[in-house]
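Secondary and tertiary structure notes
What follows is each chain in one-letter form.
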Amino acid sequence: MIKPISFFALCILLIACGKNGPKKGTQLKGQDALEYLAGSDFKTWKLSKGHDYYEYLQFDSKGGCMYQSGNMVRYEVDKDSLVVKEGAENFPYKILYVSENMFKMTQPGHDTLLYKTIDKPLKEGQYIGKKIDPKWMKGKFGTTWKFEEGEKVYSFMNDGTIIDAVSLKKVDTWSVKDSVLHFGTTKFEIFRLSPVFFDYDVFGMTIKLNYLCEANADGSPVRKLSETKTEGL
C-alpha cells in the first residue's frame, strides 16, 4: 500500500501566524491539528499532489474518517502525528503543514502529500464518481507503474513515450483524452485512473497497473524495483 509542492508562496503567511493561523507541523500543540482537519463538525479534503490510496478524506470531530469508497475508518491525531486506522492496520503520517484549507503530510519512504478542502461532502456507501485525470501519470519526468499480473513495469513519461522500466527501451507512445488511453495508434477505455490505480480495458480484458514511484529522466524508477512494494493496493 502506498501511503502513498511548492510552498514558497505560503512562507510569508507563516511569518505572521497567530494562534489561529496556519502552522507548521512542529508548531502543533494539543488539539490544534484536529481543529484544522475536522473543524467544528467535519471537513472534506481532496488529494492535490502526491500518490496515496486515500484520494479523498473526510475527517469528523469524533474521530471518524471517510474516504472515497464511502467506507468509514478511524483516525487519531496528536500534534503533528496522524494515524489512520483501517481494521487491524495503522497507517501513520506526519503533518508538515496545516491551515484552514490546506494540509501537507508525509509517510516515511513515500510521497509528500498535499490536500485541499472541497465543499462537497462524502456520503457513506457512495463511491466518488469516475473522473479520469491524467495528472496522476505525470511526475517530474514521468511515473512508473507495475502490472498487477506479470512482471512488466512501464514508465509513462511526460514527453508522451512509454518506457520499459527494466530494459529502458521505448515501448510506444501514450496520451489520455477524456476516458480513453491512446496506446500508440490503439485506443483503450480507462476504467479507473487514481493516484495509485490505473485500470483499462483491452479487448474485453481488464488490465490493472499499480503506481510504484516517480520515473527518472531515462525511464528508470527512482526507487529500486526490489524496494518497491504493491501489497495491499
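Residues numbered from 1 in each chain as written. Predicted model: local features only at pLDDT ≥ 70, side-chain atom pairs only at ≥ 80, totals over all residues. Heavy atoms only, no water.

Glancing now at the environment of Lys 43. Locating Lys 43 in the fold gives a position in strand E2 (residues 42–49). As a C-alpha pair, Lys 43 and Gln 58 span 15 residues in sequence and 5.6 Å in three-dimensional space. Once residues within four sequence positions are removed from consideration, Lys 43 is found in contact with Tyr 36, Leu 37, Ala 38, Leu 57, Gln 58, Phe 59, Ser 99, Glu 100 and Thr 117. At 2.8 Å, the side chain of Lys 43 forms a polar contact with the backbone oxygen of Tyr 36. A distance of 2.5 Å separates the side chain of Lys 43 from the backbone oxygen of Glu 100, its partner in a polar contact. (Helix = DSSP H or I, 4+ residues; strand = E, 2+ residues; numbered from the N terminus. Contact = heavy atoms within 4.5 Å. Polar contact = N/O pair within 3.5 Å; in protein donor to acceptor, adjacent residues only side chain to side chain.)

As a further point, take the pattern of salt bridges. Taken as a whole and assessed by the stated rule, the structure comprises 3 salt bridges. The closest approach of N and O atoms between Glu 100 and Lys 43, which form a salt bridge, is 3.7 Å. Of this pair, Glu 100 sits in the loop between strand E7 (89–98) and strand E8 (102–106) while Lys 43 sits in strand E2, placing them 57 residues apart in sequence. One salt bridge connects Asp 80 with Lys 94, and the closest N-O pair in it is separated by 2.6 Å. (Salt bridge = Lys/Arg side-chain N within 4 Å of Asp/Glu carboxyl O.)

The strand order E10-E11-E12-E13-E14-E15-E16-E17 describes a closed barrel built from 8 strands, whose pairing is antiparallel. Here the strands of the sheet are splayed against their neighbours by 35° on average, with no regard to which way each runs. Relative to strand E12 (residues 161–164), strand E11 (residues 153–157) is paired through 3 bridges, and the arrangement is antiparallel. From the neighbouring strand, Tyr 154 faces E12, where its bridge partner is Asp 164. (Pairing = 2+ DSSP bridges. Axes fitted to C-alpha atoms, helices over the stretch in contact; angles between N-to-C directions.)

With phi around 55°, Asp 178 is a residue other than glycine that occupies positive phi space. Taking the relative accessible area as the measure of exposure, Asp 178 reaches 63% and is therefore exposed. The backbone of Phe 203 shows a phi angle near 50°, a positive value even though the residue is not glycine. Considering the arrangement of structural elements, one finds Phe 203 in the loop between strand E16 (197–202) and strand E17 (205–214). By relative accessible area, which is 71% here, Phe 203 ends up exposed. (Buried < 20%, exposed > 50% of the residue type's maximum accessible area, 1.4 Å probe, protein only.)

Everything listed here is a matter of geometry and, on its own, says nothing about what the molecule does.
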